[in-house]
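Listed here are the chains, written in short residue letters.
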Amino acid sequence: MLDTHFRKYIQRIIEMGADFFIKLGRKANDITILALFLGIFSGVLVYGGYKITALIFLWISGYLDAVDGTMARKKGSSPFGTVMDITFDRIVEISIILGLAYRYPQYDKLLLLLASTIIISMTIFLTTGTMANKKSEKSFYYQAGLAERTEGFIMFSMIILFGEQSSIWLIIFIIMILITVGQRFLEAKRILKD
């Protein structure tokens, strides 16, 4: 929801990052890889108990994830770049979930449920994108929903910060994703009617 409706308010900051890396001669895929490593390291930091440092790396990774897309739109994107971007986003999420699961084993079942809902949401998202044969400003059809990338980062941040007392945040996050699953499923039904 935030990515769809509020990105326009921070797009200038994202474009500044994109212009900076373009001037350095970097490609969008370079920044995608950098975002991946920072995101994975964030998961390691979560496991180590370095909450604030983990959050800093997570949000820098998220910012770079937005920057690489803007760079791709400015300089041209490749289909493989899109595959990298979507795949690496999931790897960062998995890294955070694993870091949390090893740090807080009492939440392993909720974290497993969270991972499962993310898989379902992304399955609908990717399948609809493939079947819809539509494109948005991104290089693929983007299905909006209540829980998009920024909401995910906010919820992961709350879970990381509250640590031992994060069960309520996990439950809220799972519910948000389930609502998104419903939204995306209904949209898929609407746009893919025979």
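What you see is a predicted model; the values in this text were computed from it and never measured.

The rules behind each value
Residues numbered from 1 in each chain as written. Predicted model: local features only at pLDDT ≥ 70, side-chain atom pairs only at ≥ 80, totals over all residues. Heavy atoms only, no water. Salt bridge = Lys/Arg side-chain N within 4 Å of Asp/Glu carboxyl O. Helix = DSSP H or I, 4+ residues; strand = E, 2+ residues; numbered from the N terminus. Axes fitted to C-alpha atoms, helices over the stretch in contact; angles between N-to-C directions. Parallel < 35°, antiparallel > 145°, perpendicular 65-115°, else oblique. Contact = heavy atoms within 4.5 Å. Nonpolar A, V, L, I, M, F, W, Y, C, P; charged D, E, K, R; others polar. Buried < 20%, exposed > 50% of the residue type's maximum accessible area, 1.4 Å probe, protein only. Core = buried A, V, L, I, M, F, W, Y, C linked by side-chain atoms within 4.5 Å.

This part is about the pattern of salt bridges. Taken as a whole and judged by the stated rule, the model has 8 salt bridges. Residue Lys 74 is joined to Asp 19 by a salt bridge in which the shortest nitrogen-to-oxygen separation is 2.7 Å. One end of the pair, Lys 74, is in helix 3 (residues 51-75); the other, Asp 19, is in helix 1 (residues 2-23), and 55 residues separate them in sequence. Connected through shared salt-bridge partners, Asp 65, Asp 89, Arg 90, Glu 93 and Arg 149 make up one network.

Across the interface, helix 1 lies against helix 3 with an axial gap of 8 Å and an inter-helix angle of 75 degrees. With respect to helix 3, the axis of helix 1 lies roughly perpendicular. Within the contact between the two elements, helix 1 uses Arg 7, Gln 11, Ile 13, Ile 14, Glu 15, Gly 17, Ala 18, Asp 19, Phe 21 and Ile 22 and helix 3 uses Tyr 63, Leu 64, Ala 66, Val 67, Thr 70, Met 71, Arg 73, Lys 74 and Lys 75. Residue composition of the contact of helix 1 with helix 3, grouped by class: 10 nonpolar, 3 polar and 6 charged.

Here Phe 162 is to be found in helix 6 (residues 149-162). Of the residues examined, Phe 162 reaches a relative accessible area of 37% and is grouped as partly exposed. Separated by 111 residues in the primary sequence, Phe 162 and Lys 51 have C-alpha atoms spaced 9.3 Å apart. Among all residues touching Phe 162, those that are not within four sequence positions of it are Lys 51 and Trp 169.

Let us look at the nonpolar core. Counting residues in hydrophobic clusters, the biggest one holds 34 residues, and the most contacted among them are Leu 100, Leu 114 and Phe 156. Of all elements in the fold, only helix 2 (28-48), helix 3, helix 4 (79-103), helix 5 (108-132), helix 6 and helix 7 (167-191) reach the threshold of two or more residues within this core. Among the elements that take part in this core, helix 4 stands out by supplying 7 residues, more than any other. Non-local contacts of Leu 114, meaning those with residues more than four positions away in its chain, are made with Ile 97, Phe 156, Leu 170, Phe 173, Ile 174 and Ile 177. The next biggest cluster of nonpolar side chains, apart from the first, holds 12 residues, and it includes Ile 14, Phe 21, Ala 28 and Leu 38.

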